Amino acid sequence: GHTFASVGAYVVDENMNILLRGGTGELVVEGPLVGRGYVGRPDLTQKVFLKFPEDGTKRWAYRTGDLVRMMPDATLEIIGRIDTQIKLRGVRIESEGISNILRTAAAPKLTLDVMTILAKHPAIGIDQLVSFVAWDPSVPVAVRKGGTPSLVTPPEGLLQRLRSACDRELASYMRPSHIVPLSFIPSSSNGK
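Residues numbered from 1 in each chain as written. Predicted model: local features only at pLDDT ≥ 70, side-chain atom pairs only at ≥ 80, totals over all residues. Heavy atoms only, no water.

Could you clarify how one ought to interpret unusual backbone geometry in this entry?
The omega torsion of the bond from Ala-107 to Pro-108 falls at 0°, within 30 degrees of zero and hence cis. Summarising the element assignment, Pro-108 is placed in the loop between helix H2 (95-106) and strand E8 (113-120). In this model, Met-16 sits at a positive phi of 65°, which is unusual for a non-glycine residue. Checked against the element boundaries, Met-16 lands in the loop between strand E1 (8-12) and strand E2 (24-30). A positive phi angle is found at Ala-74, which is not glycine, with a value near 75°. Mapped onto the elements, Ala-74 comes out in the loop between strand E4 (60-70) and strand E5 (76-81). (Helix = DSSP H or I, 4+ residues; strand = E, 2+ residues; numbered from the N terminus.)

Shown next, in the form of structure tokens:
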């Protein structure tokens, strides 16, 4: 969507260079609604609060950590988090982008919960992309926070649909080596 009228929104690369519309990067917001930092957390404040753009306005800006793209009509399309980037054989990959393709391939029949990670294969010792998928919304939050998921049998045709979507929409180095169906995707203690 659009930002508030009093808020500046910028899509920047890892060097804080503003990207052209359509480019994917981190969202930085600036303006009177942005604070000056986290209370009692100077380490985090220094990392994400800054004066930006450096044009003498002295307005505070906040690095959101959100991966976005500014569309031609100036709306922002949220793609995921920048902290989901992984490096595989020297190439940066947005794991959340892979997960989104899997979610889209399962819709509208199933709403997938997906997590794509970089894992080392135990037998051959090489890094591989692995996507874990789950589709049962009835698993309680308490179970997700403290339970251990189990392998489950996927609905007929699901894995084929997911693989076809990966083959069609992802470069070969971005395709998961394994798609593992689980009873649920575990959550951290704060629900993420």
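Sorry, what's going on with the pairing of E5 here?
Regular strands place side chains that alternate from one sheet face to the opposite one. The pairing of E4 with E5 spans five bridges and is antiparallel. Following the sheet pairing, Asp-66 is matched in E5 by Arg-81. The antiparallel pairing of E4 with E5 creates a hairpin that spans five residues between the two strands, and Ala-74 there sits at a positive phi of about 75°. (Pairing = 2+ DSSP bridges.)

Looking at this model, I keep getting lost on H2. Mind explaining?
When the terminal C-alpha atoms of H2 are compared, their 17 Å separation across 12 residues agrees well with the 16 Å that a helix rising 1.5 Å per residue should span. For H2, the complete set of buried residues consists of Ser-95, Glu-96, Ile-98, Ser-99, Ile-101, Leu-102, Ala-105 and Ala-106. (Expected span 1.5 Å × (residues − 1). Buried < 20%, exposed > 50% of the residue type's maximum accessible area, 1.4 Å probe, protein only.)

I keep staring at the pairing of strand E6 (residues 85-88) and nothing clicks. Help me out?
Side chains Ile-86 and Leu-88 of E6 all project onto a buried face; the interleaved residues Gln-85 and Lys-87 project onto a face where none is buried. Direction of pairing for E6 relative to strand E7 (residues 91-94): antiparallel, over a ladder of four bridges. Following the sheet pairing, Ile-86 is matched in E7 by Ile-93. Hairpin connection, E6 to E7: the antiparallel pair is bridged by two residues, and Arg-89 has positive phi, about 50°.

Sorry, what's going on with helix H4 (residues 158-169) here?
Along an α-helix, residues three or four apart share an orientation, since each turn contains 3.6 residues. If you check H4, its first and last C-alpha atoms are 17 Å apart, about what 12 residues at 1.5 Å a residue would give, namely 16 Å. Of all the positions in H4, only Leu-158, Leu-162, Ala-165 and Cys-166 are classed as buried. Across the axial projection of H4, the buried residues extend over an arc of 100°, all falling on one side. Structural note: H4 exposes Gln-160 and Arg-168 on the side pointing more than 90 degrees away from its buried face. Against the buried residues of H4 lie H2, strand E9 (127-134) and strand E10 (178-181). (Arc of directions from axis to C-beta. Contact = heavy atoms within 4.5 Å.)

It is not clear to me how the nonpolar core should be interpreted in this structure. Could you clarify?
Burial of nonpolar side chains together is a common tendency in soluble globular proteins. In terms of nonpolar packing, the biggest core is built from 21 residues, with Ile-93, Leu-112, Val-133, Leu-158 and Leu-162 touching the most fellow members. Among the secondary structure elements, those contributing two or more residues to this core are E6, H2, E9 and H4. Per-element accounting of this core gives the leading share, five residues, to H2. What Leu-158 contacts, discounting residues up to four positions off in sequence, is Ala-106, Leu-110, Leu-112 and Trp-135. (Core = buried A, V, L, I, M, F, W, Y, C linked by side-chain atoms within 4.5 Å.)

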